[in-house]
Structure formats: structure tokens, C-alpha cells
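Coordinate inspection notes
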Amino acid sequence: MDFRAALLEQTRAFGDLIRSGDPAAPVPTCGDWNLKQLFRHVGRGNRWAAQIVTQRRNEPLDPREVLDGRPPDDPDGAAEWLQSGVELLIDAVDRARSDTRVWTFVGPRPPGWWLRRRLHEIVVHRADAALATGAEFDLPPDLAADCLSEWIELACVDRRHALPLNHGESIHLHATDEELGPTGEWTIVHDDDGVWWSHNHGKGSVALRGPARDLLLTAARRTSVADSGLEIFGDETVWTGWLERTPF
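Right, let's walk through the structure included here.

Quick notes on the rules
The numbers attached to residues start from 1 for each chain and follow its sequence in the written order. With the structure being a predicted model, the display of local features is reserved for residues of pLDDT at least 70 and the display and counting of side-chain atom pairs for 80 or more, all residues being used for whole-chain, interface and lining totals. Excluded from the side-chain calculation are hydrogens and water; included are all heavy atoms of the structure. Put simply, a nonpolar core is a bunch of buried Ala, Val, Leu, Ile, Met, Phe, Trp, Tyr and Cys residues held in one set by side-chain atoms that sit within 4.5 Å of each other. Partly exposed describes any residue whose relative accessible area lies between the buried limit of under 20% and the exposed limit of over 50%, with all areas from a 1.4 Å probe on protein chains only and scaled to the type maximum. Every residue pair with non-hydrogen atoms within 4.5 Å of one another is taken to be in contact. By definition, any uninterrupted DSSP run of H or I lasting at least four residues is a helix, any uninterrupted run of E lasting at least two residues is a strand, and each is numbered from the N terminus. In this analysis, strands are considered paired if DSSP registers two or more bridges between them. Each Phe, Tyr or Trp ring (for Trp, its six-membered ring) is paired with any other whose centre lies within 6.5 Å, and the angle between the two planes then decides the class: stacked below 30 degrees, edge-to-face above 60, tilted in between.

A short note on the nonpolar core
With 74 residues, the main nonpolar core has Phe-14, Leu-89, Trp-114, Ile-171, Leu-173 and Trp-239 as its most contacted residues. The residues contacting Trp-114, other than those within four sequence positions of it, are Trp-48, Ala-49, Ile-52, Val-53, Leu-89, Val-102, Trp-103, Thr-104 and Phe-105.

Here's what the structure looks like:
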């Protein structure tokens, strides 16, 4: 996947959604935020990541120290601010040496890690904006699947929260999008080796089946299994426990 092109495209789509809505409109899937706050969060986040890469940081950056972290008040200027933040990140990654490692919340990673992370962040927040404005939310299956893969990976390696599964529990997710092939299946287990995941086909303590987009939105707690229309089999408390323990 071309993460650079997808990041630019998803950022433009996110900005268009925000511009079409009332800045004061609430975003129910983001606590007490409104659309203006969601916009600022996404735009500043891109510049935050760009600054981490540019400065080759090995420690977190305080969001209050992000350069040019507030959007202009006029809509055109705000749109340009949003898009230029992504361009700053792409440029910073392209300028970095191949052996560079920078800070991330899951340990040092190559700068390109931030391209994928920011792409998926914007995808989910575009869903938030669509839900807030009543707009359609379409997503290519391969992008939805990659976003879900990263979401699962982060849940498995991020130790800031409780383990997402009890020992002996497992989850199987099966996307019905035919073009995905093996990348449209995810098996997550907690065994003697810890919590890990693969694209293997298998049975789980609980299994969910449906389009990759809906699996993503449900895993990200943007909708429920019932509202999404996903099929669910097995012990639903295992899925509920996963959602409760993966607040990222």
C-alpha cells in the first residue's frame, strides 16, 4: 500500500467532511469533543508526528510544544494548515536516513512508522466525523484491513493497559471482502507465549464475520456488533472484554 498517497487522500476527505459540518456539532464517538476540536486534534497530531521525526526525538513531545499547532480561523487557511501538516510529515520521513529510529509510544521505530500510524488515525477520525454529520463512510477494503491489523498489533504490544485477553482466550475475525484473501483473517490468542496475532485461519473463543470496514469500526468502538450487522459466534464476553481492555 502507498501510505503517502493514502494519507494525503484520507486527510483531504477528512477535511472536506469537517468543512461541510457545523464546527460546534458534537462528536458522540469522541467524548465531549465537537467537530472543531476533532479537526484541531487531527491536524496538530500530524504536526506533532512530523516534529518528532524532524527532530529525531527519542522521547515524547509535549503537544503544547508543537510548532504551528493551532489552525487559522478562516476555513481556507485551516484546510491548507491541515494538508500542509501531512506534507511536513511525509517530507520529514523522506529526509530521514534508513537507519534512523525515533520515539513512538511502543518503543523506537523507523520514521515511516508514523506514516502508517497517522493514516489509520485519520481513517478512524474520518469515521467519527461521518457519524457526527450523518455522512456516508466508505473505505477501500485493503485500507480497512490494514488499519485493523495495526489496531490489533498495537493492542497486543501496548503495555500501558491491561492484557486484552485472559490466558486461554482467543478471537477470530473474518472479513467477507473477497479481494482480501488471507489478509482478511485475524486470529488473536493469549497462550503461554503471551498475547499475539496472525492472519491464520482458525476457531476462536469468539468469532466475528463481516466486511473489513465494519470489523474495523466495531473493534475501534465506533459502532456495536448489533448496529454493524456483523455475525458473531461463540463467547461474546470475550469480545466485550477485548473492547474494555483496548481503549487506544
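That was the structure; now back to the text.
Some words on the pairing of strand E4 (residues 206-210)
Along any regular strand, the residues point their side chains to alternate faces of the sheet. Across the 5 residues that make up E4, a large majority, 4, are buried. With 5 bridges joining them, strand E1 (residues 170-175) and E4 adopt parallel strand pairing. Each residue of the ladder has a partner; that of Leu-173, found in E4, is Leu-208.

Comments concerning the packing of aromatic side chains
Counted by the stated rule, this structure contains 8 aromatic pairs. Aromatic pair Phe-14 and Phe-39: ring centres 6.5 Å apart, planes at 5 degrees, arrangement stacked. On the criterion of sequence distance, the pair formed by Phe-14 in helix H1 (residues 3-19) and Phe-39 in helix H2 (residues 35-54) is long-range, its members being 25 residues apart. The class for Phe-14 is buried, based on a relative accessible area of 0%. Where Phe-105 meets Trp-113, the ring centres are 5.5 Å apart and the plane angle is 75 degrees; that geometry is what we call edge-to-face. On the basis of relative accessible area, Trp-113 is assigned to the buried category, the value being 16%.

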